[in-house]
Amino acid sequence: MLAIIDYGVGNLTSVLNMFSRIGVDACITGDPAQVEKADRILIPGVGNFDKCMQNFNASGLRKLVEKKAHTDKIPVLGICVGAQMMTRGSEEGREAGLGWIDADTVRFRLDPSGEQKVPHMGWSDLIIAQEAPLWTAMPEEPRFYFAHSYHFVLDDDGKAIGRADYGYEFVCAFRINNIFGVQFHPEKSHRFGMRVLANFAA
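Residues numbered from 1 in each chain as written. Predicted model: local features only at pLDDT ≥ 70, side-chain atom pairs only at ≥ 80, totals over all residues. Heavy atoms only, no water.

Caption draft 1: A look at the overall build of the chain. Across its full length, the chain carries six helices and twelve strands. Relative to the globule expectation of 17 Å for 202 residues, the C-alpha radius of gyration of the chain, 16 Å, shows essentially globular dimensions. Its C-alpha atoms give the chain principal-axis dimensions of about 50 × 40 × 30 Å. When the 202 residues of the chain are sorted by exposure, 51% land in the buried category. Considering only intrachain contacts with a sequence separation of at least 6, the fraction spanning at least 24 residues in the chain is 70%. With an accessible surface of roughly 9000 Å², the chain has 45% of that area assigned to carbon and sulfur atoms. (Helix = DSSP H or I, 4+ residues; strand = E, 2+ residues; numbered from the N terminus. Rg over C-alpha atoms; globule rule 2.2 N^0.38 Å. Buried < 20%, exposed > 50% of the residue type's maximum accessible area, 1.4 Å probe, protein only. Contact = heavy atoms within 4.5 Å. Areas by Shrake-Rupley, 256 points an atom, 1.4 Å probe, with all protein chains shown as cover.)

Here you go:
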């Protein structure tokens, strides 16, 4: 069973509906008993980094989710701020992140005279940095929907599996063994997002 973690933030219903469309058994839950039984975990996240971290820490689920990720080593996927939470922290706030990956979350540093503005909202092409299970059987010319002002900066670029370009090239997807993070919204990315979520579920 795939558990979409409910800690008070995120496009939970949109994510669940996408899994339903591709025939994946998933549930939205904040129940520790259900999370304990899960063999896949998805951590959503929308909005302010500090609010997301505060909610997650207050949910009582953090230690359990970390056990599932690091001890049980089940696949875990973070989406948008849910992935940013896996870094050490964000320039958006003061809360410490989970620190699952040696990385920071930083605000876009764009040329103020350029055409691009912050936030980055809309579709961008995926640049596959290296093969990964999330990209299996991906349709040609993959592109994803983004809505963000901050992005990952990794200490080790070898952990990057995907990049996108918005004013400059940035990491939009990473992997550390069983843990995956994506900055884009697969639940809003049509057939490309369906493929990512189906691959994660598989």
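Caption draft 2: Spotlight on the packing of aromatic side chains. Considering all chains together, one arrives at ten aromatic pairs under this definition. On the numbers, 5.3 Å between centres and 70° between planes, the contact of Tyr-7 with Phe-56 is edge-to-face. Within this pair, whereas Tyr-7 is found in the loop between strand 1 (2–5) and helix 1 (12–21), its partner Phe-56 is found in helix 3 (residues 49–58), the two being separated by 49 residues in sequence. Among the residues examined, Phe-56 registers a relative accessible area of 0% and is labelled buried. Pairing Phe-108 with Tyr-166 gives two aromatic rings, centres 5.5 Å apart and planes at 70°, and the pair type is edge-to-face. One end of the pair, Phe-108, is in the loop between strand 5 (103–107) and strand 6 (120–125); the other, Tyr-166, is in the loop between strand 10 (160–165) and strand 11 (169–176), and 58 residues separate them in sequence. As far as the burial class goes, Phe-108 and Tyr-166 line up, both buried. One aromatic cluster in this structure is built from Phe-108, Phe-144, Phe-146, Tyr-166, Tyr-168, Phe-170, Phe-184 and Phe-192. A cation over an aromatic ring shows up here: Arg-143 above the ring of Trp-123, its NZ or CZ 4.6 Å from the ring centre. (Phe/Tyr/Trp six-rings, centres within 6.5 Å; stacked < 30°, edge-to-face > 60°. Lys NZ or Arg CZ within 6 Å of the ring centre and 35° of its normal.)

Caption draft 3: Focus on unusual backbone geometry. Cis geometry marks the peptide bond from Val-118 to Pro-119, where omega comes out at 10°. Unlike most non-glycine residues, Asn-177 shows phi in positive territory, near 55°. Examined against the element boundaries, Asn-177 turns out to sit in the loop between strand 11 and strand 12 (179–182). Classification of Asn-177 as exposed rests on a relative accessible area of 60%. Positive phi, close to 50°, is recorded for His-190, a residue that is not glycine. Along the chain, His-190 turns up in helix 6 (residues 190–201).

Caption draft 4: Just the pattern of salt bridges, in detail. Summed over all chains, the structure comprises ten salt bridges. Ionic pairing is found between Arg-88 and Asp-104, a salt bridge with its closest N-O pair at 2.9 Å. You can see Arg-88 sitting in the loop between helix 5 (81–84) and strand 5 and its partner Asp-104 sitting in strand 5, a full 16 residues away along the chain. With a relative accessible area of 34%, Arg-88 lands in the partly exposed category. (Salt bridge = Lys/Arg side-chain N within 4 Å of Asp/Glu carboxyl O.)

Caption draft 5: Main features of the side chain of Asp-50. Within the secondary structure, Asp-50 sits in helix 3. Comment: no salt bridge for buried Asp-50; closest opposite-charge side chain is Arg-94, at 6.4 Å. Polar side-chain contacts of Asp-50 include one of 2.9 Å to the backbone nitrogen of Arg-94. (Lys, Arg positive; Asp, Glu negative; His and termini not counted. Polar contact = N/O pair within 3.5 Å; in protein donor to acceptor, adjacent residues only side chain to side chain.)

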